[in-house]
Amino acid sequence: MDVSIQHWTASDGVDLAYREMGEGRAVVLVHGLFSDAVTNWIKFGAAEAIASRGFRVIMPDLRAHGLSGKPHDPACYPDGILGRDLEELIAHLRLDDFDLGGFSLGARTTVQAVGEGVKPRRAVLAGMGLEGLAGWLRRKDFFLDAIEVADTASRGDPHWLAIQFMKTMKIDREAAKLLLPTFTDAKNEWLVAFTMPTLVLCGTEDHDNGSAEKLAAALPNAEYMGIPGTHMSSVTKPEFGSALADFLSAP
């Protein structure tokens with residue numbers, strides 16, 4: 001299935017990119033930290049599984065990721081910038097009947113957007129648990145430390161896997177260091193805003209962001225589904241795309 005690449009300009013002038021696949025009801029899917037739209041949604045077939053059910057799948061590359069701008073100006077990284085970018089993209093595309101979801105950091109960004117007033121028909125929070133939404137400070141420090149030791153760490157270092165992923169994805173470390181402090185813990189009122197049907201989807205071996213079951217229980221209208229895999233491997237499984245497609249296609 002063909003994938004198109006589009007660019008748009010955020011309100012602060014930063015060039016941001018997104019990819020599209022398919023036609024039909026729009027669904028916006030937001031990738032995880034240090035990843036991009038291709039790795040999270042396209043490479044392992046999730047986007048095609050969804051598009052084949054009659055969806056227009058819109059997959060942004062977050063600021064400082066993928067094909068999007070990676071400015072080194074601190075002014076380009078105010079608190080909550082990824083949520084703002086997502087809200088602006090939805091407005092830019094003039095979407096008023098759409099679904100919204102994200103994996104890991106993308107789930108965090110989805111929670112912020114819905115909490116601040118975005119109203120999708122259905123929502124997906126993948127690779128995320130309740131503690132992950134409430135404990136960003138510890139995770140932030142872990143990733144900042146990983147950036148600092150990226151050139152000196154050896155196998156066995158607790159940061160090793162994160163560093164290897166950053167290198168594989170050719171992450172701009174300076175931009176990443178500016179972006180990481182812009183995330184914030186989810187507010188309770190953000191969770192309460194999830195009145196739409198919501199799927200909490202997580203690998204059964206994925207404990208990186210806490211308990212997905214607890215997150216589903218904390219939301220007003222959510223169901224939990226476990227699929228095979230860890231935080232890194234679950235997106236590569238066919239069950240990931242099929243679970244998303246089934247949920248989004250439900251009447």
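Above this note sits the structure.
Residues numbered from 1 in each chain as written. Predicted model: local features only at pLDDT ≥ 70, side-chain atom pairs only at ≥ 80, totals over all residues. Heavy atoms only, no water.

Asker: Which residues make up the nonpolar core, and what values go with them?
Answerer: Grouped together as the largest cluster of nonpolar side chains are 62 residues, with contacts concentrated most on Phe 34, Leu 95, Leu 100, Leu 180, Phe 183 and Phe 194. Grouped together as the second largest cluster of nonpolar side chains are 25 residues, Val 27, Ala 47, Val 57 and Val 235 included. (Core = buried A, V, L, I, M, F, W, Y, C linked by side-chain atoms within 4.5 Å. Buried < 20%, exposed > 50% of the residue type's maximum accessible area, 1.4 Å probe, protein only.)

Asker: Report on the pattern of salt bridges, specifying residues and quantitative values.
Answerer: For the structure on display, the rule yields 13 salt bridges. With a closest N to O distance of 2.8 Å, Asp 85 and Arg 63 form a salt bridge. Separated by 22 residues along the polypeptide, Asp 85 in helix 3 (residues 81-92) and Arg 63 in the loop between strand 4 (55-61) and helix 3 bring together distant segments of the chain. For the pair Asp 85 and Arg 63, a shared accessibility class is recorded, and that class is buried. A single salt-bridge network, built from bridges that share partners, covers Asp 12, Arg 63, Arg 84, Asp 85 and Glu 88. (Salt bridge = Lys/Arg side-chain N within 4 Å of Asp/Glu carboxyl O. Helix = DSSP H or I, 4+ residues; strand = E, 2+ residues; numbered from the N terminus.)

Asker: An account of the sheet that holds strand 5 (residues 98-103) is requested, with residue identities and associated values reported.
Answerer: Taken in spatial order, the eight strands line up as 1-2-4-3-5-6-7-8 in an open sheet, and their pairing is mixed. Taken across any chain shown, the strands that pair with only one partner, and hence form the sheet edges, are strand 1 (4-9) and strand 8 (222-227). Within this sheet the neighbouring strands show an average axis-to-axis angle of 20 degrees, counted without direction. Direction of pairing for strand 5 relative to strand 6 (residues 123-126): parallel, over a ladder of four bridges. Each bridged residue has a counterpart across the sheet, and for Gly 101 the counterpart in strand 6 is Val 124. Contacting strand 1, strand 2 (15-21), strand 3 (25-30), strand 4 and strand 5, helix 3 runs over the sheet at an angle of about 110 degrees to strand 1. Across the face of the sheet, helix 11 (residues 238-249) comes into contact with strand 3, strand 4, strand 5, strand 6, strand 7 (198-203) and strand 8 while running at roughly 170 degrees to strand 7. (Pairing = 2+ DSSP bridges. Axes fitted to C-alpha atoms, helices over the stretch in contact; angles between N-to-C directions. Contact = heavy atoms within 4.5 Å.)

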